[in-house]
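Spelled out from the first residue to the last, the chains are:
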Amino acid sequence: MTPKQEEALRDYLQEVIVPLIEEVLVKKLGQALTFAKKELPKREWQGLTEDDRDAILRSDGSIFDMTEAKLKEKNT
């Protein structure tokens, strides 16, 4: 393939194929969001209390890991 042919192919992909891929992705994302809205149970998100935050800040572990673990514990 010559450099000119490669450039023409690249232009074609950019102009035609990429928008089609984007369109499919947007459609699938919309379908996923619609499904999630209908099918997943509705519930309140439980955040951290003052005591939770104080305990995490006083601990020796990673603040990120401990926060993640505490939120998982409260919300699963």
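Nothing here was measured: the structure is a model prediction, and the numbers come from that model.

Caption draft 1: Structural context of the overall build of the protein chain. Within the protein chain one finds 3 helices and 0 strands. When the helices and strands of the protein chain are listed from N to C terminus, the series reads α-α-α. For the protein chain, whose C-alpha radius of gyration is 24 Å, the value lies well above the compact-globule estimate of 11 Å for 76 residues. With respect to the principal axes defined by its C-alpha atoms, the protein chain has extents near 65 × 35 × 15 Å. Going through the 76 residues of the protein chain one by one, you find that 4% of them count as buried. Carbon and sulfur atoms make up 59% of the accessible area of the protein chain, which totals about 7,000 Å².

Caption draft 2: Focus on the environment of E68. As for its position among the elements, E68 is in helix α3 (residues 63-75). E68 sits in the partly exposed class, given a relative accessible area of 34%. Here the alpha-carbon distance between E68 and E23, two residues 45 residues apart in the chain, equals 34 Å.

Caption draft 3: Summary view of the side chain of D52. Note on placement: D52 falls in helix α2 (residues 50-58). Once you skip the residues sitting within four places of it in the chain, D52 turns out to touch G47, K70 and K74.

What counts, and at which threshold
Residues numbered from 1 in each chain as written. Predicted model: local features only at pLDDT ≥ 70, side-chain atom pairs only at ≥ 80, totals over all residues. Heavy atoms only, no water. Helix = DSSP H or I, 4+ residues; strand = E, 2+ residues; numbered from the N terminus. Rg over C-alpha atoms; globule rule 2.2 N^0.38 Å. Buried < 20%, exposed > 50% of the residue type's maximum accessible area, 1.4 Å probe, protein only. Areas by Shrake-Rupley, 256 points an atom, 1.4 Å probe, with all protein chains shown as cover. Contact = heavy atoms within 4.5 Å.

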